[in-house]
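Each chain is listed here by its residues.
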Amino acid sequence: MREENRKMQSLCLSDVSEVCLHGCCPSPFATVVEHQTQASKPLSSSAACRRDFASKTASSIFPNTQFTNHESLPSVHESFAEFTKAYPQYFDTYQVDQIRAQEYYHLSLSSHTCLDYLGIGLFSYSQLQKYESPAYRIASSSFPVPPQAPPPILDIPFFGVSFKTGNLKTQLLHGGPASELESAIRKRIMAFLNVSENDYSMVLTANKTSAFKLLAESYPFQANKKLLTVYDYESEAIEAMSNSSERKGARVMSAEFSWPRLRIQTSKLRKMVASKERKKKKKGGLFVFPLHSRMTGARYPYLWMSIAQENGWHVLIDACALGPKDMDSFGLSLFRPDFLICSFYKVFGENPSGFACLFAKKSTISILETSTSSGMVGLIPAEKLFRPVTESSGTDTEEDKLSAPSSISGSIIPVQASQSGRIEEGKTFEIQHAEITEKLKGLETTEISESEKAIDIIHEDNLKAKGELEFRCLDQVDSLGLVTISNRARCLINWLVNALLKLQHPNTEGVPLVRIYGPKVKFDRGPAVAFNVFDWKGEKIEPVIVQKLADRSNISLSYGFLHNIWFAEKYEEEKDKVIERSDETKGTYANKRKDKNNTGIAVVTAALSFLADFEDIHKLWAFIAQFLDADFVEKERWRYTALNQNTIEV
């Protein structure tokens, strides 16, 4: 292994003139941080580490400094030197950079910074390629980026999705016909999450929202009349579950979060969870717990699951926002939730297509009601997507949507890779099928034969020696482990939060450019941050504008709506300034449930995947700093008008 590492470093040095920032190769800042490439020293205790983390960050990263001009920001190289002084343990995560360089080199070649979703893929980007040309491999995810275009992507999907309509309870109890590919994916996912097939059953769903809706339609809310959720942000999935449960007579309740740190209002949540029935058998309802906030990065005590179970609640764990190996620290065998939902993408940094998984504890399945629902899916091997139409065993169908029933064979939607990196919303099966048909229409016999050979190449390349399908991304995450991934994310997210708070408008009485919502610099915060950008007058710049401008700088961000915020009396004046209605933000955050309190705060969000590196977060920091220029938004609007681009409404 040591010999392989030496060879890798030699390859890095020969391929680039200036080596990576992350420790997989000798540091380019030899005169500054060379002595820090040694393994970081263990801390005296975990408690001391947590206690000193925030103060160490503040004292080590740009201490007593405020940046008022985006042109005065230190370069990425200078910033990295300060970063590694504060977090020398970051060098211990060099394996991540090696994986990114070899398996996800498109992220650097395209200069695309993906900070818009947490999640993990099944496969690596290099598995999508027909050939793995060394010309397209680079030493790391850092500088310099070779002046080459990304290699062409083989326009053949790994698998397609077949939509099903059926009985969730029956599927969980007895399963159904599944392809060899689907069976392999199911088995690998359960092993990755440490979920025992003896204790849990699983169904695949089209997405997270479908999973939540499916469970709500089958859960016996007539007998257990409560739905209690713990979310500090508006979620389409929770909205779908709430609407379905209300139609069945459930009482929907939500935890509240105290301003300004957005911590759970403990006393109120305890009252909602606690059962008033002492002599009778306790019947709570469905308790939906996300472990931590996908937007703010706030982590919640696992103790709430135990309290809910003790009071007769069925517990649903939303694991969609967890880090790749966070389930290792969850203690599934200890808490044993009744239901668990997670999602997987095909490849990170590409088209974020995939599916979700709904797990149900076998001893709990019996309480579910019999109902026919849509949203379940099956996975179709890639080679079957390219068979002639005459070989199809299904019948002609109308346009299949999640809201409309379909046959068990369902519609088949290819899960394709595209260099554009995103799925067009609302794209129907007919359109996708027409596109594939059009691509194949003009092929000669020899060309079709070549396509078949290409599929065989992908199939063979993704098989291990023992004949099993290779899930390279999951294998990579398993090899890295919880400690490496968590330490890396902790260093990056806390540097970013600290750096954003260092931005201040010039010629003002300390007007900050950025406001962070939820936890700030904190040892055990999650790898996500919610924030807003303000102009020199203290007026908030709409999150959608920030997101669009970031997208034009090749940075993918998200925006959302924080809600369920509780203000103490002393914050009433501040409440009037920060709270807005979701239906007043140009319809972006409109809430479909009329009876729900739809007040909150629209925010920009950034999330770091396990592949994120220092260049990613510095690039975001430098972009946000441009708003220190009072005319930045106006300049951008006129610049794109001059280029005949779509303008941003200001």
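The preceding data block contains the structure.
None of these values were measured; they are calculated from a predicted model.

When you go through the chain residue by residue, the secondary structure sums to 21 helices and 21 strands. Every one of the 650 residues in the chain was classed for burial, and the buried ones make up 53%. Summing over all exposed atoms, the chain offers an accessible surface of approximately 30,000 Å²; the carbon and sulfur share of this is 50%.

In an α-helix there are 3.6 residues to a turn, and that puts residues three or four apart on one side. Between its first and last C-alpha, helix α8 (residues 180-192) extends 18 Å over 13 residues, near the 18 Å set by a 1.5 Å rise per residue. The inward-facing, buried residues of α8 abut β2 (159-167), β3 (200-205), β10 (339-345), β11 (354-361), β12 (372-381) and α17 (472-500). Downstream of α8 by a residue or two, N194 has a phi angle that is positive, lying close to 60°.

Next up on the list: the pattern of salt bridges. The final tally for this structure, using the stated rule, is 18 salt bridges. Among the salt bridges present, the one from E82 reaches K85, with a minimum N-O distance of 3.9 Å. One end of the pair is E82 and the other is K85, both in helix α4 (residues 76-86) and three residues apart, which spans about a single turn. Residue E82 is classed as partly exposed on the basis of its relative accessible area, which comes to 26%. Residue K85 is classed as partly exposed on the basis of its relative accessible area, which comes to 41%. For E182, the salt bridge identified is with R186, shortest N-O distance 3.0 Å. Within this pair, E182 and its partner R186 are both found in helix α8, separated by four residues, close to a single helical turn. If you follow the salt bridges from partner to partner, you end up with R100, D613 and D616 in one network.

This paragraph deals with the packing of helix α9 (residues 208-218) against helix α10 (residues 236-247). Packed helix pairs are characterised by how far apart their axes lie and by the angle those axes make with each other. Orientation of α9 relative to α10, taken along the N-to-C sense of each, is 20°, at an axis distance of 8 Å. Of the possible angle classes, the one that applies to α9 and α10 is roughly parallel. When the axes of α9 and α10 are compared, the crossing they make is right-handed. In this structure, α9 contributes K208, T209, F212, K213, L215, A216 and E217 to the contact, and α10 contributes E236, A237, I238, A240, M241, S244 and S245. Class assignment of the residues belonging to the contact of α9 with α10 gives a composition of seven nonpolar, three polar and four charged.

Closest axis-to-axis distance for the helix α5 (residues 94-103)/α17 pair is 10 Å, and the angle between their directions is 145°. The interaxial crossing formed by α5 with α17 has left-handed handedness. Judged by residue contacts, Q95, V96, D97, I99 and E103 of α5 engage R472, Q476, L480, T484 and R488 from α17. Residues belonging to the contact of α5 with α17 are distributed by class as follows: three nonpolar, three polar and four charged.

To continue, consider the packing of aromatic side chains. Applying the stated criterion across every chain yields a total of 31 aromatic pairs. Ring geometry for F80 versus F91: centroids 6.3 Å apart, planes at 85°, classification edge-to-face. Residue F80 is found in helix α4, and its partner F91 is found in the loop between α4 and α5; the two are separated by 11 residues along the sequence. Judged by centre distance (5.3 Å) and plane angle (85°), the rings of W495 and W621 are edge-to-face. Of the two residues, W495 sits in helix α17 while W621 sits in helix α20 (residues 614-625), which places them 126 residues apart along the sequence. Here W495 and W621 have matching classes, each one buried. Taken together, the aromatic side chains of F53, F62, F67, F80, F83, Y87, Y90, F91, W495, F523, F614 and W621 make up a single cluster linked through ring pairs. Taking NZ or CZ as reference, R490 lies 3.9 Å from the ring centre of F523, over its face.

Reading guide: rules and limits
Residues numbered from 1 in each chain as written. Predicted model: local features only at pLDDT ≥ 70, side-chain atom pairs only at ≥ 80, totals over all residues. Heavy atoms only, no water. Helix = DSSP H or I, 4+ residues; strand = E, 2+ residues; numbered from the N terminus. Buried < 20%, exposed > 50% of the residue type's maximum accessible area, 1.4 Å probe, protein only. Areas by Shrake-Rupley, 256 points an atom, 1.4 Å probe, with all protein chains shown as cover. Expected span 1.5 Å × (residues − 1). Contact = heavy atoms within 4.5 Å. Salt bridge = Lys/Arg side-chain N within 4 Å of Asp/Glu carboxyl O. Axes fitted to C-alpha atoms, helices over the stretch in contact; angles between N-to-C directions. Parallel < 35°, antiparallel > 145°, perpendicular 65-115°, else oblique. Left-handed = near helix turned anticlockwise from the far one by under 90°. Nonpolar A, V, L, I, M, F, W, Y, C, P; charged D, E, K, R; others polar. Phe/Tyr/Trp six-rings, centres within 6.5 Å; stacked < 30°, edge-to-face > 60°. Lys NZ or Arg CZ within 6 Å of the ring centre and 35° of its normal.

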